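# A closer look at the structure
Residues per chain, in single letters:
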Amino acid sequence: MSNDTSLIVIVKSSISSSQHDFEKSYFYYVLSFFIHFCAKDYIPQSRIVRDNRTKKTYSAISFTTMHLPCFNEFKEMFYEVNVKRVPFNIYELLTLRGLAFWLMDDGSRHGDGMHIGVYAFTNADVDKLMFVLQDKFNLKCSIHYNRDKKPRIYIFKESMDTLRTLVKPYFI
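We now turn to the structure provided with this report. Keep in mind the model is a prediction, meaning the values are calculated, not measured.

Thresholds applied
Residues numbered from 1 in each chain as written. Predicted model: local features only at pLDDT ≥ 70, side-chain atom pairs only at ≥ 80, totals over all residues. Heavy atoms only, no water. Axes fitted to C-alpha atoms, helices over the stretch in contact; angles between N-to-C directions. Helix = DSSP H or I, 4+ residues; strand = E, 2+ residues; numbered from the N terminus. Parallel < 35°, antiparallel > 145°, perpendicular 65-115°, else oblique. Contact = heavy atoms within 4.5 Å. Nonpolar A, V, L, I, M, F, W, Y, C, P; charged D, E, K, R; others polar. Buried < 20%, exposed > 50% of the residue type's maximum accessible area, 1.4 Å probe, protein only. Left-handed = near helix turned anticlockwise from the far one by under 90°. Arc of directions from axis to C-beta. Pairing = 2+ DSSP bridges.

## Some remarks on the packing of helix H4 (residues 96-106) against helix H6 (residues 160-167)
The N-to-C vectors of H4 and H6 enclose an angle of 115°; their axes lie 9 Å apart at closest approach. By the criterion of interaxial angle, the relationship of H4 to H6 is roughly perpendicular. In this structure, H4 contributes Leu 96, Leu 99, Ala 100 and Leu 103 to the contact, and H6 contributes Leu 163, Leu 166 and Val 167. Per-class residue counts for the contact of H4 with H6 are 7 nonpolar, no polar and no charged.

Okay, here's the thing in structure tokens:
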């Protein structure tokens, strides 16, 4: 789990991903899915980044695909006027592999449970996501808010064994 260190953004018709240096194995795993959409002989970009929240400096690595029309469908599905949104058919779209990637990107341990960062979504979208986790994956969860009053989904301790069993085959 990267504790919200990864970022996958669909801009125009390309995909970008950024990862803290200490998560290199996960970064290269994600890149392996997208390398064919990058320029020939593409080399990921390394840089030093300062976290304004913690005032710490760290290494980061990122990639960006070429701008391709095949990504338009995903941008239209997950963005409305450049604002992130949860599509109406998220129940069908969110698979066990997708859940594993979501946790590796935005999940963090919290006590004996887990938080999933959903900061960019509206409360209605967070409710949709929670419904899918509860109904499709049988996970007990609730909404927690961070200090900035941004929502996170909390998965209760009682559901952690179920969650591990579901996503283990896909975890890096």
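Having seen it, we continue.
## Details of unusual backbone geometry
Of note in this structure, Asp 41 is not a glycine but carries a positive phi near 60°. Since its relative accessible area comes to 66%, Asp 41 is described here as exposed. Although it is not a glycine, Val 81 adopts a positive phi angle of roughly 50°. Locating Val 81 in the fold gives a position in the loop between strand S5 (79-80) and strand S6 (83-84). According to the relative accessible area criterion, Val 81 is exposed, its value standing at 75%.

## Quick word on the packing of helix H1 (residues 24-34) against H4
With their axes 12 Å apart at the nearest point, H1 and H4 run at an angle of 140° to one another. The angle between H1 and H4 places the two elements in the oblique class. The two elements H1 and H4 cross, and the hand of that crossing is left-handed. Residues Tyr 26, Tyr 29, Val 30 and Phe 33 of H1 form the contact with H4, whose participating residues are Arg 97, Phe 101, Met 104 and Asp 105. Residue composition of the contact of H1 with H4, by class: 6 nonpolar, no polar and 2 charged.

## Let's talk about H1
Along H1, the positions that sit buried rather than exposed are Tyr 26, Phe 27, Val 30, Leu 31 and Phe 34. Each buried residue of H1 lies within a common arc of 135° when the element is viewed along its axis, so the set occupies one face.

## Remarks on the sheet that holds strand S8 (residues 113-117)
Reading across from one edge, S7-S8-S10-S9 is the order of the 4 strands in this open sheet, with antiparallel pairing throughout. Looking at strand neighbours, the two that pair on one side only are strand S7 (107-110) and strand S9 (141-145), the edges of this open sheet. For this sheet the average axis-to-axis angle between neighbouring strands, irrespective of direction, equals 35°. Summarising the sheet, S7 and S8 pair through 4 bridges and their orientation is antiparallel. Within S8, the position partnered with Gly 107 by the bridge is Ile 116.

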